[in-house]
Amino acid sequence: MPCVLLVNPWIDDFAAYDLWARPLGLLTVGAWLERAGADVQLLDCLAREVWGGTHRRFGTGKYVAAPIPPPPALGGVPRRYRRYGAPEAAIIEFLDRLHPPDYILITCLMTYWYPGAFAAARLLRRRYPKAVIILGGVYAFLCPEHARAAGLFDHILPHKDPDALARRLGAITRLPLTANPGRAVYHLYGTPLRHAAWLTGVGCPYRCDYCATPLMYPGLIRKSPADLVAELDEITMVTGARDIAFYDDALLADSEKHFQPFLESWLARGRFVRFHLPNAVHARWLTPDLCALMRRTGFTTIRLGMESLAQDLQSRSGFKVSADEMERGVAALRGAGFTAAEMGAYILFGAPEQTLAQTLADLEYAHRLGLQVSLAAYSPIPGTPDFTRSLVDWPQLADEPLLQNNTLTIVRRAVDYQVARRRMLALNRRRLA
Ligand code: SF4
């Protein structure tokens, strides 16, 4: 049976923080490969449990990192550029302990993180010249031509549909791959983990102009509540993690059929974990019953995707949340006992045609509701309507994914960002005082 090495490569960026991240797509493909009989191994260049790093609250923390010269396209940016993840020498030692792979499957999440994936491909090509190197992940989906032009990969997998991806990968590896059931293979870490990331499904019913989710998943795909309980049992047993982060894009959609029955069954298991929502949930779907259940099941970090209540931005996000819905949602959370330290809202900064005055008004509004506020800097994502708007001012975005980095939004609008950031910090200090 073929030997497959799954690789979560380095992140080269101005900033990166481990907010319960795991390479979920890669780990799920690992399950398909194992089920088809492959010998599957994992190299996760970012796993703090393997390579070190600093550990903060609830299993989050800082990756190990080293300063590196920025690529020429980012040469003038007044920020330090780093490679996040294991030192290369440690990776080479790690590879010495593995079986030589026949296939190497590298993922890459953000489009502007491709240098880390390219560096991993070069290292692995030198080490295993006969192995077939395959690239997948969101970057491969959004920028397949850019990835192909690098000439580093034998195959690019620009698929997000699980069945299509399983078919294509099955044809390459000659393995009978099927996408269902799709559980992440956490046991491949071979070590206890501080946290686990998790998806109960993919897709979102909205089509916000700045978001890639509608491009990747045309509809909602969900696992059944019974499968979710069994999967969470397995994840917590295999990893020992007590902090679990949901990365769904629309976790609470149809919650009475999906999320609520799962939580009720999980509660009946009587096992303790802390749940976190770093990817934010929709305030409109928070009801008093659901919030009470979330409180009882150990939810600890609640984030709401408010983005902006400005009319033009609302119309570009399908009116996914109104002021009324925010107020009802926050009241339901508060009624269930969630505190200001646990609840927060993401406020968008720097989207096309978004003004500083709008951002400041959104910060003030969310603060008045009793929420901590966090600025989420806009990142132009190829294929989205806002990307097309961004090209008007910044045509180079189309050819160079490095320029899609959200830090560049902050740098380009530095004066506005400083004003918004100062306001955000002042409001949060007041909230938590
Ligand atoms: S609601 Fe969230 S996940 Fe859905 S399309 Fe909008 S930004 Fe994306």
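This is a predicted model, so every value here is computed, not measured.

Residues Leu 33 and Ile 106 are the most contacted members of the largest nonpolar core, which totals 143 residues. By residue number, the principal contributor to this core is helix α4 (residues 114-127), which donates 8 residues. Counting contributing residues per domain, this core is built from domain 1 (3-173) and domain 2 (195-432), each supplying no fewer than three. Apart from residues lying up to four places away in sequence, Leu 33 is in contact with Val 4, Leu 6, Ala 38, Val 40, Leu 105, Leu 169, Leu 175 and Leu 177. In this structure, Cys 204, Ala 250, Ala 310 and Leu 313 belong to the second largest nonpolar core, which totals 11 residues.

If a strand is regular, its side chains alternate between the two faces of the sheet. Because side chains alternate across strand β14 (residues 243-246), one face comprises the buried residues Asp 243 and Ala 245, and the other comprises Ile 244 and Phe 246, equally buried. Sheet topology note: the strand β11 (residues 196-198)/β14 ladder contains 3 bridges and is parallel. What sits directly across from Ala 196, in β14, is Ile 244. Sheet topology note: the β14/strand β15 (residues 274-276) ladder contains 3 bridges and is parallel. Among the inter-strand pairings, Ile 244 is bridged to a residue of β15, identified as Phe 275. The handedness of the β14 to β15 crossover, carried by helix α10 (residues 259-269), is right-handed.

Attention now goes to the domain arrangement of the protein. On domain assignment, one finds that the protein holds domain 1 (3-173) and domain 2 (195-432). Relative placement of domain 1 and domain 2: their C-alpha centres are 25 Å apart. Counting from both sides, the interface comprises 30 residues of domain 1 and, opposite them, 33 residues of domain 2. Taking both sides of the interface into account, the surface hidden between domain 1 and domain 2 amounts to around 2600 Å²; carbon and sulfur atoms contribute 71%. Looking only at domain 1, the three residues that lose the most surface to domain 2 are Trp 20, Phe 58 and Tyr 112, adding up to 28% of its buried area. At the boundary of domain 1 and domain 2, one finds 0 salt bridges. Counting every contact that joins domain 1 to domain 2 gives 6 residue pairs in polar contact (both at pLDDT 80 or more). For the side of domain 1 that touches domain 2, the secondary structure elements donating two or more residues are α2 (48-51), α4 and α5 (138-142). With 3 residues, α5 is the largest single contributor of residues to the side of domain 1 that touches domain 2.

What counts, and where the lines are drawn
Residues numbered from 1 in each chain as written. Predicted model: local features only at pLDDT ≥ 70, side-chain atom pairs only at ≥ 80, totals over all residues. Heavy atoms only, no water. Core = buried A, V, L, I, M, F, W, Y, C linked by side-chain atoms within 4.5 Å. Buried < 20%, exposed > 50% of the residue type's maximum accessible area, 1.4 Å probe, protein only. Helix = DSSP H or I, 4+ residues; strand = E, 2+ residues; numbered from the N terminus. Domains from an automatic or database assignment. Contact = heavy atoms within 4.5 Å. Pairing = 2+ DSSP bridges. Right-handed = clockwise from strand over helix to strand, strands pointing away. Buried area = accessible area lost by both parts, 1.4 Å probe. Salt bridge = Lys/Arg side-chain N within 4 Å of Asp/Glu carboxyl O. Polar contact = N/O pair within 3.5 Å; in protein donor to acceptor, adjacent residues only side chain to side chain.

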